[in-house]
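# A closer look at the structure
Listed here are the chains, written in short residue letters.
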Amino acid sequence: LFLSPFYSFSFFIYLFLFHFFSVYSIHSIFFILSVIELGGYPNFKPLYERAGFQVLVETRMRKAMSTIKARKPAVIVAEFNFQSDFRDRTSSLESMMSVVERLPDTRVIVFYEQDYRHQFERLLAVHRFHKVFAFPVPEQELVQCVQELA
């Protein structure tokens, strides 16, 4: 089947525009990455979706860091899990923040265990977080925080 150059050019323009708008649509602006390494708290995905975000959940920090580099989320919600076996860091959250600091428009919300507040303070001294919540996470405050970012 022979297609004229006009039709083949139009077809490639169509493919380009379809790809561009599917990858860089307005919805990707409202993309939230929820990093749940240990969990043990309610599933907040419906809360994020009600605020207007598309939600992606990652359970491994390495995968989350790849997602951050590739997708550049508007908001990241992650846990601070103190890991005493790390020599030069307090947690994998610190590794994630080294990637996030290159994204000035990305906001980070952190959940932490009150028992590890003194270890978390070291991270607070070095990195800027949009909001931090001690467990149990106050759901109404989280709703307000997420709605402000949408």
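Scroll up a little and you will see the structure.
My aim in this report is to walk through the structure given alongside it, one point at a time. (Residues numbered from 1 in each chain as written. Predicted model: local features only at pLDDT ≥ 70, side-chain atom pairs only at ≥ 80, totals over all residues. Heavy atoms only, no water.)

### Notes on the nonpolar core
- Counting 21 residues, the largest nonpolar core has Ile76, Leu93 and Met96 as its most contacted members.
- Per element, the largest residue contribution to this core is 5 residues, and it comes from helix α5 (residues 92–100).
- When residues no more than four places from it in sequence are discounted, the contact partners of Met96 are Val35, Met61, Met65, Ile68, Ile76, Ala78 and Val108.
- The next biggest cluster of nonpolar side chains, apart from the first, holds 19 residues, and it includes Ala51, Val75, Phe133 and Val137. (Core = buried A, V, L, I, M, F, W, Y, C linked by side-chain atoms within 4.5 Å. Buried < 20%, exposed > 50% of the residue type's maximum accessible area, 1.4 Å probe, protein only. Helix = DSSP H or I, 4+ residues; strand = E, 2+ residues; numbered from the N terminus. Contact = heavy atoms within 4.5 Å.)

### Comments concerning the sheet that holds strand β1 (residues 31–35)
- The parallel open sheet is built from 5 strands, whose spatial order is β2-β1-β3-β4-β5. Strands at the two margins of the open sheet, each flanked by one partner only, are β2 (54–58) and β5 (131–134). Shown here is a sheet whose adjacent strand axes are inclined to one another by a mean of 20 degrees, direction ignored.
- Both strand β4 (residues 107–112) and β5 contribute to a ladder of 4 bridges, which runs parallel. Along β5, the bridge assignment pairs Tyr112 with Ala134. (Pairing = 2+ DSSP bridges. Axes fitted to C-alpha atoms, helices over the stretch in contact; angles between N-to-C directions.)

### Thoughts on the packing of aromatic side chains
- Throughout the structure, instances matching the rule amount to 12 aromatic pairs.
- Here Phe44 and Tyr48 contribute two aromatic rings whose centre-to-centre distance is 6.5 Å and whose plane-to-plane angle is 50 degrees, an arrangement assigned as tilted.
- Using a relative accessible area of 5% as the deciding quantity, one classes Phe44 as buried.
- Where Phe111 meets Phe135, the ring centres are 6.0 Å apart and the plane angle is 65 degrees; that geometry is what we call edge-to-face. Note that Phe111 is positioned in strand β4 and Phe135 in the loop between β5 and α7 (139–149), a separation of 24 residues in sequence.
- The buried category is assigned to Phe111, whose relative accessible area is 0%.
- One aromatic cluster is present, built from ring pairs that chain together Tyr41, Phe44, Tyr48, Phe111, Phe133 and Phe135. (Phe/Tyr/Trp six-rings, centres within 6.5 Å; stacked < 30°, edge-to-face > 60°.)

### With respect to the pairing of β4
- Most of β4 sits inside the fold, with 5 of its 6 residues counted as buried.
- When strand β3 (residues 75–80) meets β4, the two strands line up parallel, connected through 6 bridges. Within β4, the position partnered with Val77 by the bridge is Ile109.
- A crossover links β4 with its parallel partner β5, the connecting element being helix α6 (residues 117–126), and its sense is right-handed. (Right-handed = clockwise from strand over helix to strand, strands pointing away.)

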